[in-house]
Amino acid sequence: MRIGFIRVICYSVTFPPEADPPSADAILTITFMIFDILTIFPNAFDSYLNESLVKRALKNKIISVRAHNLRDFLRGKKERVDDRPFGGGPGMALKIEPIFRAVQLLNSKFEIRNSKLKQRIILFSTRGKKLDAKVAKRLSKYDRLILICGRYEGVDERVAQHVADEEISIGDYVLSGGELPALVLMETVSRFLPGFLGKYESLEEVKGSYPVYTRPEVFQANGKWQMANGNKRKTRWAVPKVLLSGNHKDISEWRRRI
Ligand code: SAH
């Protein structure tokens, strides 16, 4: 954890892109992590980034997120973001050129050149290293992550070979694109950044996972509850007694055991 250690990064842009232009003092922004996302669906991020903890982290400039449209990096009217895969087969693959240009431009602008600021370029792929809390914690040590979102049949393999530092999968299933993986990675990495959660102790990754209950102590509905097998039952669903006991030792013990 880097609590108390503040990195100052000259970087002016925060999400959403259409927000007011940054004021002079916003140019010098305290940001723990910059996420630059390369995608052909930049609008896919808007609604999620405008809710809850991520929204607050953006407002408090703990993170900065920018979704870049790969189509903005095409040259000429004829160039496309995708093309047919060599060797045949169904579908299309994302081309390397716009991705390469986007990364090149981001690198040329990022202050990383003149300092110890660290960045990592990640390509989302079903063949990548599986994302877990350990990977997220490791990635939270970087100052900027460039996230490349694939689509269609995937991305020209030369991006994995030469442009990206690593490939990441968020699980053994196939999604239509890297946009959801980018949001998942962004959130799980952000949880390790100071100030993202109210308290460091809130990190389930640290305290472990256990079931929680809140009021009422006993839940009783009017009418009956129909179970999956069709039987009907009265509800009388109570909170485990130990949680009401006030005995913190017993409570911790219960939480560890369960
Ligand atoms: N034919 C490809 C499917 C690509 S899915 C294959 O079998 O690998 C299109 C894109 O979605 C991928 O390039 C990747 O960027 C993203 N994607 C899909 N599922 C993903 C997962 N589980 N983890 C990370 N990225 C994923």
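In what follows, the structure referred to is the one given above.
Residues numbered from 1 in each chain as written. Predicted model: local features only at pLDDT ≥ 70, side-chain atom pairs only at ≥ 80, totals over all residues.

Undergrad: Quick question: what am I supposed to make of the overall build of the protein here?
TA: Secondary structure summary: the protein contains eight helices and 13 strands in total. Sorting the 258 residues of the protein into buried and exposed places 25% on the buried side. In the protein, once contacts between residues fewer than 6 apart in sequence are set aside, the share between residues at least 24 apart is 72%. (Helix = DSSP H or I, 4+ residues; strand = E, 2+ residues; numbered from the N terminus. Buried ≥ 20, exposed ≤ 12 C-beta atoms within 10 Å, placed from the backbone. Contact = placed C-beta atoms within 7 Å.)

Undergrad: Even after reading the chapter, I still don't get the environment of Arg84, so can you show me in this structure?
TA: Tracing the backbone through its elements, the reader meets Arg84 in the loop between strand S5 (82-83) and strand S6 (93-94). Residue Arg84 is classed as exposed on the basis of its 12 C-beta neighbours within 10 Å. Separated by 69 residues in the primary sequence, Arg84 and Glu153 place their C-alpha atoms 9.5 Å from one another.

Undergrad: Explanation requested: the site of the ligand in the structure shown.
TA: What surrounds the ligand is a group of 18 residues, the closest being Phe124, Thr126, Gly150, Leu175 and Gly178. When residues of the shell around the ligand are assigned to their parent elements, the largest contribution, three residues, is made by strand S7 (residues 119-130). (Near = placed C-beta within 6 Å.)

Undergrad: For this particular structure, what's the right way to read the nonpolar core?
TA: Buried together is how nonpolar side chains tend to be arranged in soluble globular proteins. Ranked by internal contacts, the top residues of the largest apolar core, which has 43 residues, are Phe35, Ile37, Leu38, Ile122, Leu147 and Ile148. Once residues within four sequence positions are removed from consideration, Leu147 is found in contact with Phe35, Ile37, Leu38, Ile122, Ala182 and Leu185. (Core = buried A, V, L, I, M, F, W, Y, C linked by C-beta atoms within 7 Å.)

Undergrad: Looking at this structure, how should I read the pairing of S7?
TA: Successive side chains on a regular strand alternate, one facing one side of the sheet and the next facing the other. The pairing of S7 with strand S8 (residues 144-148) spans five bridges and is parallel. The partner of Leu123 across the bridge, within S8, is Ile148. As judged from the five bridges shared by S7 and strand S9 (residues 166-169), these two strands associate in the parallel manner. Considered in S9, the bridge of Lys130 is made with Ser169. (Pairing = 2+ DSSP bridges.)

Undergrad: So what exactly am I meant to see when it comes to the sheet that holds S7 here?
TA: The strands making up a sheet are joined through hydrogen bonds of the backbone, oriented either antiparallel or parallel. Pairing in this open sheet of five strands is parallel, and the strands run S4-S3-S8-S7-S9 from one edge to the other. In the strand order of this sheet, the two ends are held by strand S4 (63-69) and S9, each with one partner. Each strand of the sheet is rotated relative to its neighbour by a mean of 30°, with strand direction disregarded. Here strand S3 (residues 33-39) runs beside S4; their pairing, made up of seven bridges, is parallel. The residue bridging Leu38 from the neighbouring strand is His68, located in S4. (Axes fitted to C-alpha atoms, helices over the stretch in contact; angles between N-to-C directions.)

Undergrad: Explain the environment of Gly177 to me, please; I cannot follow it from the model alone.
TA: Relative to the helices and strands, Gly177 resides in the loop between S9 and helix H6 (179-190). On the basis of neighbour counts, which here come to 17 C-beta atoms within 10 Å, the residue Gly177 falls in the partly exposed class. Residues Gly177 and Cys149, spaced 28 residues apart in sequence, show a C-alpha to C-alpha distance of 6.4 Å. With residues near it in sequence (within four places) discarded, Gly177 still touches Phe41, Cys149, Gly150 and Arg151.

Undergrad: Teacher, can you tell me more about helix H3 (residues 96-109) here?
TA: Helical geometry: 3.6 residues make up each α-helical turn, so side chains three or four residues apart lie on a common side. Taking 1.5 Å of rise per residue, the 14 residues of H3 would be expected to cover 20 Å, and the 20 Å separating its terminal C-alpha atoms lies within 8% of that figure. In the core, the buried residues of H3 are packed alongside S3, S4, S6, S7, S8 and helix H5 (157-163). (Expected span 1.5 Å × (residues − 1).)

The values are spatial; any link to function lies outside them.
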